[in-house]
Amino acid sequence: QGDLSVLHQNIEADGRHWILRPSKMFACFAFVLSCCMVLTESLRHTGQHINHDGRAGTFVKALEFKHRLRICNAYPGTAAIDIYKGKGDRLNGDGPMPYKSCNDFVTPLKAGDKLEFKIGDANAGTFSISDLPNNDAVLFLVIHRHDTLSTAVAFESHVFANLLNAQVAIIDTYKG
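Residues numbered from 1 in each chain as written. Predicted model: local features only at pLDDT ≥ 70, side-chain atom pairs only at ≥ 80, totals over all residues. Heavy atoms only, no water.

Thoughts on the packing of aromatic side chains
So, step 1. Under the definition given, this model contains three aromatic pairs.
So, step 2. Ring plane angle 50° and centroid distance 5.8 Å describe the contact between Phe140 and Phe160, whose orientation is recorded as tilted. Placement of the pair is Phe140 in strand β9 (residues 137-145) and Phe160 in strand β10 (residues 153-161), with a sequence separation of 20 residues. Assigned by exposure class, Phe140 and Phe160 land together as buried.
So, step 3. Each member of the aromatic cluster is reached from another via a ring pair, and the members are Phe117, Phe127 and Phe155. (Phe/Tyr/Trp six-rings, centres within 6.5 Å; stacked < 30°, edge-to-face > 60°. Helix = DSSP H or I, 4+ residues; strand = E, 2+ residues; numbered from the N terminus. Buried < 20%, exposed > 50% of the residue type's maximum accessible area, 1.4 Å probe, protein only.)

Structure, rendered in structure tokens:
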């Protein structure tokens, strides 16, 4: 500490001249360099960086993928189907989906979401999203008749990858 007080006195006494011995200059340089390295390393471990305005920012950003939901109604019947995400968010606000129709829906989806299918006020079935791809994709969901002996529904799903070439999914929903 005595060396630093002498340095401080020499700088104050004559602001134009720095009187530093090579060993003291190296010590100051090493101190400043080690401070910069500690700061850089601590920011790297927390995923942050210094913005141009001097504030710490972050390199980590939540990735948001564009998942488009395509639903087709292959459930034979005269009544159309309404689709709800969760308890109250109606996806097909333009009207119920009749038999042999498909619609695309753009809605934020996450694993654990439930899609409820209703015919009138009756609950026809619920599809639970277990997992989503970590890329842009079209999520294809078909509601169809479970068997010929009941009015129960079943679901088939497929994920179309985000590719330039054409893709086809063949789903046999006929229960005759």
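Alright, that's what it looks like, and here's the rest.
Digging into the sheet that holds strand β5 (residues 89-90)
So, step 1. Pairing in this open sheet of four strands is antiparallel, and the strands run β5-β4-β7-β8 from one edge to the other. The open sheet has two edge strands, β5 and β8 (122-128), and neither has a second partner.
So, step 2. When strand β4 (residues 82-85) meets strand β7 (residues 114-119), the two strands line up antiparallel, connected through four bridges. Bridge pairing in β7 links Tyr84 to Glu116. (Pairing = 2+ DSSP bridges.)

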